[in-house]
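Each chain, letter by letter, is given below.
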Amino acid sequence: MTRALIVIPARYASSRLPGKPLLAETGKPLIQHTVEQAMKVNGVEVVVATDDERIIEAVNAFGGNAVMTDPAHQSGTDRVAEAARGHDAEIIVNVQGDEPEIDPEVISLLIETHAAAQTSTRPAFTSTLVCPFPEDTDPAGPNAVKAVLSAPDDSGVRSALYFSRSLIPYPRSGEARPFLHLGLYAFTKESLQAFPTLSRTPLEQTESLEQLRILEHGHRIACGVVREAAPGIDTPEDYAGFIKRQAAL
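Residues numbered from 1 in each chain as written. Predicted model: local features only at pLDDT ≥ 70, side-chain atom pairs only at ≥ 80, totals over all residues. Heavy atoms only, no water.

(A) Up close: the overall build of the protein. For the protein, the helix and strand inventory stands at eight helices and nine strands. When burial is assessed residue by residue, the protein has 49% of its 249 residues classed as buried. In the protein, the proportion of contacts linking residues at least 24 apart, taken out of those at least 6 apart, comes to 67%. For the protein, the accessible surface area stands at approximately 12100 Å², while carbon and sulfur atoms represent 50% of it. Placing the 22 positive and 33 negative side-chain charges of the protein at their respective mean positions leaves the two points 3 Å apart. (Helix = DSSP H or I, 4+ residues; strand = E, 2+ residues; numbered from the N terminus. Buried < 20%, exposed > 50% of the residue type's maximum accessible area, 1.4 Å probe, protein only. Contact = heavy atoms within 4.5 Å. Areas by Shrake-Rupley, 256 points an atom, 1.4 Å probe, with all protein chains shown as cover. Lys, Arg positive; Asp, Glu negative; His and termini not counted. Charge placed at Lys NZ, Arg CZ, Asp CG, Glu CD.)

(B) Layout of the nonpolar core. Ranked by size, the top nonpolar core spans 31 residues in total, and within it I6, I8, V48, V93, V95, I107 and L184 carry the most contacts. Taken together, the elements giving at least two residues each to this core come down to β1 (4–10), α1 (30–38), β2 (44–50), α2 (53–61), β4 (91–94), α4 (104–117), β5 (126–131) and β8 (179–188). If we ignore the near neighbours within four places in the chain, the residues touching I107 are I6, A38, V41, V93, V95, I102 and L184. Within the second largest apolar cluster, 29 residues are counted, among which are L5, V7, A83 and F163. (Core = buried A, V, L, I, M, F, W, Y, C linked by side-chain atoms within 4.5 Å.)

(C) Highlighting α4. When the terminal C-alpha atoms of α4 are compared, their 20 Å separation across 14 residues agrees well with the 20 Å that a helix rising 1.5 Å per residue should span. Regarding α4, the residues found buried are P104, V106, I107, S108, L110, I111, T113, H114 and A117. You can read the cap of α4 off the contacts: a side-chain oxygen lies 2.9 Å from the backbone nitrogen of E105, and it is on D103. (Expected span 1.5 Å × (residues − 1). Polar contact = N/O pair within 3.5 Å; in protein donor to acceptor, adjacent residues only side chain to side chain.)

(D) Structural detail: the packing of aromatic side chains. Applying the stated criterion to the full structure yields four aromatic pairs. Pairing F125 with F187 gives two aromatic rings, centres 6.3 Å apart and planes at 80°, and the pair type is edge-to-face. With F125 in the loop between α4 and β5 and F187 in strand β8, the pair connects residues that are 62 residues apart, well separated along the chain. When sorted by exposure, F125 lands in the same class as F187, which is buried. What links up through ring pairs into an aromatic cluster is the set F125, Y185, F187 and F195. A cation sits over an aromatic face here: R54 above Y12, 3.6 Å from the ring centre. (Phe/Tyr/Trp six-rings, centres within 6.5 Å; stacked < 30°, edge-to-face > 60°. Lys NZ or Arg CZ within 6 Å of the ring centre and 35° of its normal.)

(E) Region of interest: unusual backbone geometry. That bond from I168 to P169 is cis: its omega, -15°, falls within 30 degrees of zero. Checked against the element boundaries, P169 lands in the loop between β7 (158–164) and β8.

(F) Spotlight on the pairing of β8. For β8, the buried fraction is high: nine of the 10 residues fall into the buried class. Where β4 and β8 come together, four bridges link them in antiparallel fashion. When the bridges of β8 are listed, V93 appears paired with A186. Both β5 and β8 contribute to a ladder of six bridges, which runs antiparallel. The residue bridging C131 from the neighbouring strand is L180, located in β8. (Pairing = 2+ DSSP bridges.)

(G) α2, seen in detail. Restricting attention to buried positions, one finds in α2 the residues I55, I56, A58 and V59. Mapping the buried residues of α2 onto a view down its axis gives an arc of 165°, with all of them on the same face. Turning to α2, the residues buried within the fold contact β1, α1, β2 and β3 (66–68). Directly after α2, the chain includes G63, whose backbone phi takes a positive value near 85°. (Arc of directions from axis to C-beta.)

(H) Layout of the side chain of H181. Within the fold, H181 resides in strand β8. Taking the relative accessible area as the measure of exposure, H181 reaches 11% and is therefore buried. Within the local environment of H181, its side chain forms a polar contact with the side chain of Q211, the two groups lying 3.4 Å apart. Beyond its immediate stretch of four places on either side in the chain, H181 contacts T128, L129, V130, V145, F163 and Q211.

Here it is as structure tokens:
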């Protein structure tokens, strides 16, 4: 596997779940669960990128690696870019800190997808993952980000045509369905450092989706397809469900 660095951005502030990375009713802080899943991927280094000394202390306490980044960053990708600056990894993966049940094989697939997409006549700026919509998730809901994909290119990898909080494509006729976008990304070190230099774009600001900045600047986003999404932790109810699932293990 290509040498890779996994960077996990983790902010203390959260409007719906303050202090989320440090919630520890399972006996471990939430960020530790995510780090441990990421460390199961072969041949990678894992680092937490944060803006809060309390998270640095928590990660150090369980033997993880954490770095302090600028609190003024407007996106997780900007934070990841700072944390990865100077690292010699060929591929840098952005895994959200509130994904404590992410499957390591999913991260491996993302790395493989991005490596394959670099062999194309049009290499990908970044790669991400999508999955079919779960039966219990309403595709029309604005918190479920939809993705529509192209056919595979000469590298055998599909690309994102668009992402939206609105329902796309509009179901007037036919059977085309959107995919659910999963919020993790892989970059080459060059594209990751280029991302903060791209100006924010109208579609990005309208939909509040930073990946639209990449598309609006004319770059390609490659997409791997997985069977399902791991449950993320956004609300107290999500965290309560996670506690129950951990207790059942």
